[in-house]
Amino acid sequence: MTNPLGPPADQPYDALLLLSFGGPEGPDDVVPFLENVTRGRGIPRERLVEVGQHYFLFGGRSPINDQNKALMAALEADLAAAGIDLPVYWGNRNWEPYLVDAVRQMAADGRRHVACIATSAYSSWSSCRQYLDNIAEAVAAVPDAPRIDKVRWFAHHPGFVATVVDRTVEAVKALPAQLRDDARLVFVTHSIPTAMNEESGPEGGAYLAQHRDVAAAVAAGVAAVTGQQRPHELVFCSRSGSPRTPWLEPDVNDRLEELAADGVRAVVMVPVGFVSDHMEVVYDLDTEALATAEKLGIEARRAGTAGTDPRFVAALRELALERPIEACPAHCCLPRTTA
Ligand SMILES: CC1=C(CCC(=O)O)c2cc3nc(cc4[nH]c(cc5[nH]c(cc1n2)c(C)c5CCC(=O)O)c(CCC(=O)O)c4C)C(CCC(=O)O)=C3C
Ligand SMILES: [Fe+2]
């Protein structure tokens, strides 16, 4: 009988797949890219025009593809340094190189069992389940496709947390000295519909719960380094959808208004929901929210993202390769007695 998933799960991995969102490479790509992203998702036209403008402001080019190329190169270097001989492939959900083409290439190269890292660190339909569905569709479309195991959510991995702590400490230190001690840590992630949060993870609510845990861990790490406890909170950016659908709040800009009214004068924004400087980071935070802070008289800095920090890259490699170690072989722990 053939296994519908392909080879058995304890067969060693013969490739690593980086799975990401994808983004436009130039002005002509912007509209078709947005159509790919929002097909069947009921996003109002006005919102699409607005998001299109964000891309056009940056020459119609998303930063995400270059970041994925850099991450791929960093993973290759990390694997080589660890003495692991695994080829790395890359495929996207919404733009070239498409996932299905990567799967086709892996099949042509004879790959049978692939560990997959998605560039999304948390649970939710958008950040996890949709990628699993994309994998299932691509595998079904390609004859002799390998089995592809996607790594679980990983934002609480010490390699990610330690990296975000360092980026946050750097941003705190970039504030004027007299404002540093009172600076608030404002963690930012992508808003999603409240219903999507309620459905996320095995028991629901995982998207919010995971972000709160990771934000608390980073805030504690920053306090340990700087010797200073600072208030921290979680806010949201990049709300989309119909105005009638509830999404996670508060929006980062609205919250900055409230903080200014409360007399807060310094803020470090930590984009904890993003593994690299996506369009949401360079537009929604660096362009929009930093302008809001300036208008309000708040000194604000934006902490860096994990990007290609060696600790983060090593964490991704560990997460991908722990799976076959976790899986017990068929004879594991069976009594050896024959009598
Ligand atoms: C949770 C989450 C992440 C984080 C996890 C992850 O990293 O995957 C994420 C990442 C990203 N989202 C991105 C871009 C877009 N997301 C959109 C729309 C939406 N995102 C949603 C959620 C998320 N999105 C949702 C619930 C929608 C509504 C439509 C729907 O229900 O599916 C739209 C349509 C316009 C709009 O509605 O804003 C665009 C253009 C890019 C590329 C950026 C770049 O180019 O650098 C990236 C990395
Ligand atoms: Fe998105």
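What counts and what doesn't
Residues numbered from 1 in each chain as written. Chains lettered and ligands numbered in written order. Predicted model: local features only at pLDDT ≥ 70, side-chain atom pairs only at ≥ 80, totals over all residues. Heavy atoms only, no water. UniProt positions renumbered as here; feature names shortened; annotations may be inferred. Helix = DSSP H or I, 4+ residues; strand = E, 2+ residues; numbered from the N terminus. Rg over C-alpha atoms; globule rule 2.2 N^0.38 Å. Buried < 20%, exposed > 50% of the residue type's maximum accessible area, 1.4 Å probe, protein only. Phe/Tyr/Trp six-rings, centres within 6.5 Å; stacked < 30°, edge-to-face > 60°. Salt bridge = Lys/Arg side-chain N within 4 Å of Asp/Glu carboxyl O. Domains from an automatic or database assignment. Contact = heavy atoms within 4.5 Å. Buried area = accessible area lost by both parts, 1.4 Å probe. Pairing = 2+ DSSP bridges. Axes fitted to C-alpha atoms, helices over the stretch in contact; angles between N-to-C directions. Polar contact = N/O pair within 3.5 Å; in protein donor to acceptor, adjacent residues only side chain to side chain. Parallel < 35°, antiparallel > 145°, perpendicular 65-115°, else oblique. Nonpolar A, V, L, I, M, F, W, Y, C, P; charged D, E, K, R; others polar.

The protein is annotated in an unreviewed UniProt entry as Coproporphyrin III ferrochelatase of Nocardioides antri. Quoted verbatim from the Catalytic activity (unreviewed entry) heading of the UniProt record, the comment on the protein is "Fe-coproporphyrin III + 2 H(+) = coproporphyrin III + Fe(2+)". Entered under Subcellular location (unreviewed entry) in the UniProt record, the comment concerning the protein runs "Cytoplasm".

1. Quick word on the overall build of the protein
Across its full length, the protein carries 12 helices and eight strands. Compactness check: the protein gives a C-alpha radius of gyration of 21 Å against a globular reference of 20 Å for 339 residues, within 12% of the reference. Viewed in the frame of its principal axes, the protein has a C-alpha envelope of about 75 × 50 × 35 Å. The 339 residues of the protein split such that 51% are buried.

2. Remarks on the packing of aromatic side chains
Taken as a whole, this structure holds six aromatic pairs when the rule is applied. Measuring from ring centre to ring centre gives 6.4 Å for Y122 and Y207, while their planes differ by 65°; the resulting arrangement is edge-to-face. Taken as a pair, Y122 in the loop between β3 (113-118) and α5 (125-141) and Y207 in helix α9 (residues 206-226) lie far apart in primary sequence, 85 residues in all. Each member of the pair Y122 and Y207 is classed as buried.

3. Points about the pattern of salt bridges
Opposite charge on two side chains permits pairing when their charged atoms draw close. Enumeration over the complete set of coordinates arrives at 18 salt bridges. R61 is the salt-bridge partner of D66, the closest N and O atoms lying 3.2 Å from each other. Here D66 falls in the partly exposed class, since its relative accessible area comes to 36%. For R61, a relative accessible area of 32% puts it in the partly exposed group. A salt bridge links E299 to R301; the shortest N-O distance between them is 3.0 Å. Its relative accessible area of 30% is what places E299 among the partly exposed residues. Via salt bridges that share partners, D166, R167, E170, D309 and R311 belong to a single interconnected network.

4. Some remarks on the domain arrangement of the protein
Here the domain parsing of the protein yields domain 1 (15-23 + 62-154 + 309-326) and domain 2 (158-302). Each of domain 1 and domain 2 was reduced to a C-alpha centroid, and the two centroids are 27 Å apart. The partner domain 2 presents 23 residues to the 18 residues of domain 1 that form the contact. Where domain 1 abuts domain 2, roughly 1,700 Å² becomes buried across the two surfaces, and 64% of that area is made up of carbon and sulfur atoms. It is Y122, R311 and F312 in domain 1 that bury the most area against domain 2; as a group they hold 37% of the surface buried on that side. Summed over the shared surface of domain 1 and domain 2, the result is two salt bridges. Ionic pairing is found between D166 and R311, a salt bridge with its closest N-O pair at 3.0 Å.

5. Describing the sheet that holds β3
Taken together, four strands build an open sheet; the order of strands is β2-β1-β3-β4 and the sheet is parallel. Only two strands of the sheet have a single partner each, and these edge strands are β2 (88-92) and β4 (147-150). In this sheet, neighbouring strand axes are inclined to one another by 30° on average, regardless of whether the strands run parallel or antiparallel. Alignment of strand β1 (residues 15-20) against β3, held across five bridges, turns out to be parallel. Bridge pairing links L16 to A115 in β3. Contacts between helix α3 (residues 64-81) and the sheet are confined to β1, β2 and β3, with β2 contributing the most and set at about 160° to the helix.

6. Notes on the side chain of R317
Along the chain, R317 falls in helix α12 (residues 310-326). Residue R317 is classed as buried on the basis of its relative accessible area of 19%. Of the polar contacts made by the side chain of R317, one reaches the side chain of D78; its length is 2.6 Å. Filtering out sequence-adjacent residues up to four positions away, R317 remains in contact with L75, D78, L79, A82 and I84.

7. Points about the packing of helix α2 (residues 45-57) against helix α11 (residues 279-296)
Contact pair α2 / α11: the axes reach a minimum separation of 10 Å and the direction vectors enclose 95°. Comparing their axes, α11 and α2 come out roughly perpendicular. For the pair α2 and α11, the contacting residues are H54, Y55 and L57 in the first and M279, Y283, D284 and T287 in the second. In the contact of α2 with α11, the residues fall into four nonpolar, two polar and one charged.

8. Observations regarding the UniProt feature "binding site: Fe(2+)" (unreviewed entry) in the protein
In the numbering used here, UniProt assigns the "binding site: Fe(2+)" (unreviewed entry) feature to H190 and E280. These annotated residues cover 91 residues of sequence, and their C-alpha atoms lie no more than 8.0 Å from one another, placing them together at a single site. Within the secondary structure, H190 sits in strand β5 (residues 184-190). Looking at the secondary structure, you find E280 in helix α11. Apart from the residues lying within four places of it in its own chain, the contact partners of E280 are H190, S238, F274 and L285.

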